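Each chain, letter by letter, is given below.
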Amino acid sequence: MHIDPFGVEMWMNAHENDCDHNLAETCVTSLTLEELLHLSGRNATALSQLLPLKLTYGAIEGSDGLRDAIAGLYAAKTRNDILVTHGTAGANALVWAALVGPDDPVVSLVPTYQQHISIPESLGAQVTKVPLSAADRWLPDMEALAAAVTPATQVIALTNPNNPTGSLIDRAGLEKIAEIARIGQGGAGAWVLVDEVYRGSAQDDDGMGPSIADVYDRGISTAGMSKVFSLAGLRLGWICAPADVLQAVSHHRDYNTISVGMIDDHLATLALGARDRILARSREITRGNLTLLSGWMASEPALNWVRPTAGTTALIRYDLDMPSEQLCLDLLAEEGVLFTPGAVMGIEGTVRIGFANDPAAMRGGLPKVSAFLRRRRSMTQT
């Protein structure tokens, strides 16, 4: 089976450990185990609960306690609507494997996380890309989406909040997508797969925003502990979906997952029990950093963007006459600052900046980027 190289992951694997200021990071600054215990109202003695734990496979679909906690992130779901996976990446891969095959029509809103293009393509699906536009504030053109969806469409896929732009489709927008989806599969309705790993990061109110699983009866939500819950090291995610989807997914999951680790399950349950405090911490970081980034953008008139309304990343267009990958490599070599080039996401002429990391990285890195841009502009003017 051929699958295209994963551009963003290859870039991060190659460079994220060799920078002084990581402004490509997409996870809210990771929690230490000590911080997790503190936020959950525990102390180090809580770890003693793990000592008698027999390290079996555990509950294959995820423990009852964990699935109950995940279900609490949705409006009207129970543990039976939840299947635990190895990260959101594992959740997405399983859904695609379960739902599409050769020649199945799929519609994907782009830019997006590359899984939602390359995996269905690798399975032989026919992927139609519907582009988002900065002119529309990176929100879907519903007429263009409706034109792309046919009675044969199997899946409509998107990220919400969007990666890499940070746009957020509200409930009315999701309801419109559901309405469009209902003509798919001969009137049965296309599945709508929404990667919601950044849900909880909206810049207003409590940050949560709506879930497709609470809007559409054929909506599939994937998410995990990596981004807003600051626990990427657990490698724990989930699928919230109708029973027939979970059953189909389970057949594939038996071949490549069996179960998640019992310690990961335990710590994720602990974290979700303290979700209000963890999400408050995440909001403080992302909202504070976006304020810093916004102030910096205002001082750089040669750069332009649509200010994110959610997520942990911003997509920025620059005015230098050079490819984005070369720009990012030169920036890293000269200033020690890491961005993600738009080229690895199919959006040349842009860079993606992450604003969920330690605020010190933002304060230290952005002035270095300004110095780099001044030098490059002066070089082109001489």
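The structure presented is a predicted model; accordingly, all values stated were derived computationally and were not measured.

Thresholds, definitions, all that
Residues numbered from 1 in each chain as written. Predicted model: local features only at pLDDT ≥ 70, side-chain atom pairs only at ≥ 80, totals over all residues. Heavy atoms only, no water. Helix = DSSP H or I, 4+ residues; strand = E, 2+ residues; numbered from the N terminus. Buried < 20%, exposed > 50% of the residue type's maximum accessible area, 1.4 Å probe, protein only. Contact = heavy atoms within 4.5 Å. Expected span 1.5 Å × (residues − 1). Bend = angle between axes of the 7 residues up to and from the residue. Pairing = 2+ DSSP bridges. Axes fitted to C-alpha atoms, helices over the stretch in contact; angles between N-to-C directions. Patch = residues over 30% accessible without salt bridge, like charges linked within 9 Å, V, L, I, M, F, W, Y side chains within 5 Å. Areas by Shrake-Rupley, 256 points an atom, 1.4 Å probe, with all protein chains shown as cover. Salt bridge = Lys/Arg side-chain N within 4 Å of Asp/Glu carboxyl O.

Asker: Tell me about the side chain of Ser370, and please be specific about residues and values.
Answerer: Position of Ser370 among the secondary structure elements: in helix 12 (residues 359-381). Residue classification places Ser370 among the buried residues on the basis of a relative accessible area of 9%. When near neighbours in sequence (up to four residues on either side) are disregarded, Ser370 contacts Trp296 and Glu300.

Asker: So what's going on with helix 11 (residues 324-335)? Residues and values would help.
Answerer: For helix 11, spanning 12 residues, the distance from its first C-alpha to its last is 16 Å, which sits close to the expected 16 Å at 1.5 Å a residue. Regarding helix 11, the residues found buried are Ser324, Leu327, Cys328, Asp330, Leu331, Leu332 and Glu335. Phi turns positive one or two residues past the end of helix 11, at Gly336, with a value near 75°.

Asker: If you had to explain helix 8 (residues 243-256) to someone new, which residues and values would you point to?
Answerer: Taking 1.5 Å as the rise per residue, helix 8 with 14 residues should run 20 Å; its terminal C-alpha atoms sit 20 Å apart, in good agreement. If you look at helix 8, its biggest bend is around 25°, right at Ser250. Taken together, the buried positions of helix 8 are Val245, Leu246, Val249 and Arg253. The secondary structure elements touched by the buried residues of helix 8 are strand 2 (82-85), helix 4 (87-99), strand 6 (191-195), strand 7 (219-224) and strand 8 (237-240). Where helix 8 ends, the next residue or the one after it, Ile258, has phi of about 60°, a positive value.

Asker: Let's hear about the sheet that holds strand 3 (residues 105-110): which residues, and what values?
Answerer: Across the sheet, seven strands lie side by side as 2-8-7-6-5-3-4; this open sheet has mixed pairing. Among the strands making up the open sheet, the edge pair consists of strand 2 and strand 4 (126-131). Taking the axes of each pair of neighbouring strands and ignoring which way they run, one obtains an average angle of 20° across the sheet. As judged from the four bridges shared by strand 6 and strand 7, these two strands associate in the parallel manner. Counterpart to Leu193 in the pairing with strand 7 is Ile220. Helix-sheet contacts for helix 3 (residues 64-71) involve strand 2 and strand 8, and the interaxial angle to strand 2 is about 110°.

Asker: A description of a nonpolar patch on the surface should follow, citing residues and the corresponding values.
Answerer: On the surface, a cluster of nonpolar side chains totalling about 280 Å² of accessible area is made up of Tyr57, Ile60 and Ile258. Here Tyr57 shows up in the loop between helix 2 (33-39) and helix 3.

Asker: Can you explain the pattern of salt bridges? Please cite residues and give values.
Answerer: One pass over the structure, following the stated rule, counts 11 salt bridges. Linking Arg171 and Glu175 is a salt bridge whose minimum nitrogen-to-oxygen distance equals 3.3 Å. Of this pair, Arg171 and Glu175 both sit in helix 7 (residues 171-181), four residues apart, which is roughly one turn of the helix. Overall, the relative accessible area of 40% leaves Arg171 in the partly exposed class. Residue Glu175 is classed as partly exposed on the basis of its relative accessible area of 39%. With a shortest N-O distance of 3.5 Å, Lys176 and Glu179 are connected by a salt bridge.

Purely geometric numbers; function is a separate question.
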